[in-house]
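Summary of structural features
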Amino acid sequence: MNFDSKIYVAGHRGLVGSALMRQLRARGYTNLITRTHAELDLTDQLAVKAFFAEQKPEYVLLAAAKVGGIHANNTYPAQFIHQNLAIQTNVIHESWRNDVKRLLFLGSSCIYPKDCPQPIKEEYLLTGELEPTNRPYALAKIAGLEMCWSYNRQYGSRYITVMPTNLYGPNDNYDLNTSHVLPALIRKMHEAKVTKVKEVVVWGTGTPKREFLYSDDMADACLYLLEQPEERAQDLFSDVQPPLVNVGCGEDLTIKELAELIKDIVGFTGELTFDTSKPDGTMRKLLDVSKLSKMGWRATTALRNGIAISYQSYLKGDV
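Criteria and thresholds
Residues numbered from 1 in each chain as written. Predicted model: local features only at pLDDT ≥ 70, side-chain atom pairs only at ≥ 80, totals over all residues. Heavy atoms only, no water. Pairing = 2+ DSSP bridges. Helix = DSSP H or I, 4+ residues; strand = E, 2+ residues; numbered from the N terminus. Buried < 20%, exposed > 50% of the residue type's maximum accessible area, 1.4 Å probe, protein only. Axes fitted to C-alpha atoms, helices over the stretch in contact; angles between N-to-C directions. Parallel < 35°, antiparallel > 145°, perpendicular 65-115°, else oblique. Left-handed = near helix turned anticlockwise from the far one by under 90°. Contact = heavy atoms within 4.5 Å. Nonpolar A, V, L, I, M, F, W, Y, C, P; charged D, E, K, R; others polar.

**Things to note about the sheet that holds strand E3 (residues 59–62)**
Taken in spatial order, the six strands line up as E2-E1-E3-E4-E5-E10 in an open sheet, and their pairing is parallel. Edge positions in the sheet fall to strand E2 (32–33) and strand E10 (244–247), since each of these pairs with one other strand and no more. The pairing of strand E5 (residues 159–164) with E10 spans four bridges and is classified as parallel. Looking at E10, one finds that methionine 163 is bridged to asparagine 246.

**Re the pairing of E3**
Burial of the side chains of E3 extends over both faces: Tyr59 and Leu61 are buried on one face and Val60 and Leu62 on the other. The sheet contact formed by strand E1 (residues 7–10) and E3 spans four bridges and is parallel. The residue of E3 that forms the bridge with isoleucine 7 is tyrosine 59. By the bridge criterion, four bridges tie E3 to strand E4 (residues 102–106) in an arrangement that is parallel. The partner of tyrosine 59 across the bridge, within E4, is arginine 102.

**Considerations on the packing of helix H9 (residues 255–266) against helix H11 (residues 303–315)**
The N-to-C vectors of H9 and H11 enclose an angle of 55°; their axes lie 10 Å apart at closest approach. With respect to H11, the element H9 is oriented oblique. Relative to H11, H9 is oriented so that their crossing is right-handed. The segment H9 lies against H11, with Leu258, Leu261, Ile262, Asp264, Ile265 and Val266 engaging Leu303, Arg304, Ile307, Ala308 and Tyr311. Its residues placed into classes, the contact of H9 with H11 shows nine nonpolar, no polar and two charged.

Here it is as structure tokens:
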């Protein structure tokens, strides 16, 4: 990409999209195209068609999606599969119709089977059953991956899909009904500290293990992949393997350990209790990131440091 290349970031105000915007600007890219949901509904096929015909972006970063934690996935399964399928179908197809040079599609580690060997390699995709609590979302993301691969094979496009591990950072979602575990724990413990409540309840047993990646590290990895010259990126555009790259830090910890870490950073001095009537979800999800590591990229933000930055962002209202 050139610094004046026309780059469209779909979903630029969310956790992922805002991190991509920060990294693009930090690198010196100046010709960035964005639209809010009010300005462009990506589930509207005709609106997306008109937008691409008018703007003609050269590169597309598809970070727009309906996302949420276990509670949200269980409560709104129809919305999760419908909205995500519509968004990615419209954006990917119009990217092809308008000769976008490269597209990067953001997926999720939940695309992998619930009982995968650990750490999870890219080739484990579609080798077993999905986790029931997020199956509709996972199937939508798998369809997006398959769509990118299919367009590459049939039309010679250069679409890359990245599957990040659990993300956190500025502009995260702190709504307790729809958020993921890390921002939910930040909010719960901060509010308990302020109101002097002596107990915070954590969903599940605390024993599942999760990997967490700071959002700006994820964005850095995405741009690293997009910026690869054709000869170095050639392995991503194979007829026999999908254009899939795991993005993570390669380390995990239990939810209990995470809760204790957040408790320390926030300064909550009360007790943690675990509601074992709530679902745990998949017991472990650690990505194998050797493919990306061999290409020369590694995460640099330690979990404690990233959570501290996120907490300060939450205090400032950057949510």
